[in-house]
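These are the residues of each chain, in order.
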Amino acid sequence: MQPSKRAQTAIFFTVFVDLLGFGIVIPILPLYAKSLASHPSGWMTWVNQALNLVDPGAAWAGVALVSFSISQFIATPILGRISDLVGRRPVLWISLMGTCLAYLLMAFTGRFEWVLAARVLEGITGGNISVAQAAMADASRPEDRSKALGMIGAAFGLGFVLGPALAGILSGSVRGQAMLAQHGWHLPFFVASGMSLLASLLVLIWVPETLEASARVHARKVQSRGHALAHVLRRPGMARILLIAFLAMTGFSMMEGTYSLLCNERFLFGQREVGYIFVYVGILIVLYQGGLVRVVAKRVPERVAQLAGLALMTLALPLIPYAPWEAPFLLVMIPLAWGSGMNTTATSALASQLTPADEQGGLFGVLSAMSGMGRIVGPLIGTLSFARWGYAAPYWIAAGLVAIGLLLAAGLLKPPAQMPEEDPI
């Protein structure tokens, strides 16, 4: 196997194992946090009374979810930039070990404060995906970036398909029930911690350093000061690309944050039925990122793929609240999932092509931070508009935001002027 192919395969399996653990945690975390919040400490009781919360458990579950996204938004560009300076491999290993410790803390604790601390730690060290994206970009030629980055998307999809299913199996198993009853320990979190530990071992054993030593030296000489966002924004056209990434993720997250509520409102679906639909969406993501992205990357220029992806999302989002069950409702998820995949990989590839090798880590850190901000803003706007104007409102707002991104992307049909490289000091 060629070194670049070996590196890409190793990075894919590392991300998949890590995302499998993440997929285990996400379905059960809100219920876990809500149950712990039912026994609040003094300061939590004060907040509940001050805000006059009708359902404080749900509110604290939201705090546990959002705390991760906020921490990740702050830390991911920094981790990505550090990887430009010292290499991808050490940062990837350290971040995976931090995630392992965070899951372990959630497995043992019985207090909400420690869950919150674990989520913050997980968010801070959760920049491993951006570092993995940078490593994947290092190990591929510019014209192959979309295909290579699609492997990261496929690992995401597989993790989100198998992780929630594994969470249900572990939670309902005899061992899981016994651990919870006897010790208050949560087996799914232990398994997720083990997954991150396994991923960290894969990094040590199998993942080579993809960033050349000369690129690290150049980064330390001329780009060692300042936040990664400032460096990325100095590239012509990059601000527009980052805004497109933010708008697309905000719109998609509005759908994710209200999808369960929509299915319950329209079809009276419970958690199991909604879980099956999310598995279906995960399979669609895997089909695109694991196979179709190669066809698209080979035959469609990145700028055209970005436009097509945003257009598909804009058309699909407002159809979701009106499509009748079952075939129309399920079929409309295909252009949404595949459009999102087309836009994400094309946007990442475009940004990567505009960025020199010694800034790839910072770039993907900033892209991940923009996505993280979208995951904060999207669910907040989505749930608020759902409660105020009904189940269709979030999808119309989301379509409007993605449409703005489509208009911005139209201005990228002509490549922005490249910024001249800086000479070493």
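Rules and cut-offs
Residues numbered from 1 in each chain as written. Predicted model: local features only at pLDDT ≥ 70, side-chain atom pairs only at ≥ 80, totals over all residues. Heavy atoms only, no water. Helix = DSSP H or I, 4+ residues; strand = E, 2+ residues; numbered from the N terminus. Buried < 20%, exposed > 50% of the residue type's maximum accessible area, 1.4 Å probe, protein only. Contact = heavy atoms within 4.5 Å. Areas by Shrake-Rupley, 256 points an atom, 1.4 Å probe, with all protein chains shown as cover. Phe/Tyr/Trp six-rings, centres within 6.5 Å; stacked < 30°, edge-to-face > 60°. 1 Å grid on protein atoms, 1.4 Å probe; cavity = no way out; pocket = protein on both sides within 12 Å on 5 of 7 lines; lining within 4 Å. Points joined across faces, edges and corners; volume = space filled by probe spheres on them. Nonpolar A, V, L, I, M, F, W, Y, C, P; charged D, E, K, R; others polar. Axes fitted to C-alpha atoms, helices over the stretch in contact; angles between N-to-C directions. Parallel < 35°, antiparallel > 145°, perpendicular 65-115°, else oblique. Left-handed = near helix turned anticlockwise from the far one by under 90°. Salt bridge = Lys/Arg side-chain N within 4 Å of Asp/Glu carboxyl O.

Q: Is there a simple way to think about the overall build of the protein chain in this case?
A: Within the protein chain, the secondary structure is distributed over 18 helices and zero strands. Of all 425 residues assigned to the protein chain, the portion counted as buried reaches 52%. Intrachain contacts of the protein chain at a sequence separation of at least 6 include 83% that bridge at least 24 residues. If you sum the accessible surface of the protein chain, you get close to 18400 Å²; carbon and sulfur atoms cover 70% of it.

Q: Just checking my understanding: could you explain the packing of aromatic side chains for this structure?
A: One pair of aromatic rings is described through two measures. These are the centre distance and the angle between the planes. For the coordinates displayed, the defined rule picks out five aromatic pairs. A ring pair is formed by Phe108 and Phe190, whose centres lie 5.0 Å apart and whose planes are at 90°; its orientation type is edge-to-face. A residue pair is termed long-range when its members are at least 10 positions apart, and Phe108 in helix H4 (residues 88-108) and Phe190 in helix H9 (residues 187-205) qualify at 82 residues. Both rings, one in Phe267 and one in Trp325, keep their centres 5.5 Å apart while their planes meet at 50°; by these two values the pair is tilted.

Q: Mind showing me how you'd approach empty space enclosed by the protein here?
A: Space left empty within the atom packing is revealed by a probe, the size of a water molecule, rolled over the atoms. All told, the structure shown has two cavities of 30 Å³ or more when counted by the stated rule. Residue lining of the second largest cavity: Thr14, Val15, Asp18, Leu92, Leu96, Asn128, Ile129 and Ala132, and that is the complete set. Its residues assigned to classes, the lining of the second largest cavity comprises five nonpolar, two polar and one charged.

Q: Looking at this model, I keep getting lost on the packing of helix H12 (residues 238-267) against helix H16 (residues 333-353). Mind explaining?
A: Two quantities define a packed helix pair, namely the angle between the axes and the distance from one axis to the other. In the contact formed by H12 and H16, the axes pass within 11 Å of each other and the chain directions differ by 155°. In terms of axis orientation, H12 runs roughly antiparallel to H16. H16 is crossed by H12, and the crossing has left-handed handedness. Residues Met238, Ile241, Ile244, Ala245, Ala248, Phe252, Met255 and Tyr259 of H12 lie in contact with H16, whose contacting residues are Met333, Leu336, Ser340, Asn343, Thr347, Leu350 and Ala351. Within the contact of H12 with H16, the residues separate by chemical class into twelve nonpolar, three polar and no charged.

Q: Sorry if this is basic, but what is going on with the pattern of salt bridges here?
A: Pairing between side chains of opposite charge can happen when the charged atoms of each approach one another. Scanning the model with the defined rule gives two salt bridges in all. Notably, a salt bridge pairs Arg111 with Glu113, separated by 3.6 Å at the nearest N-O pair. Its relative accessible area of 46% is what places Arg111 among the partly exposed residues. By relative accessible area, which is 23% here, Glu113 ends up partly exposed.

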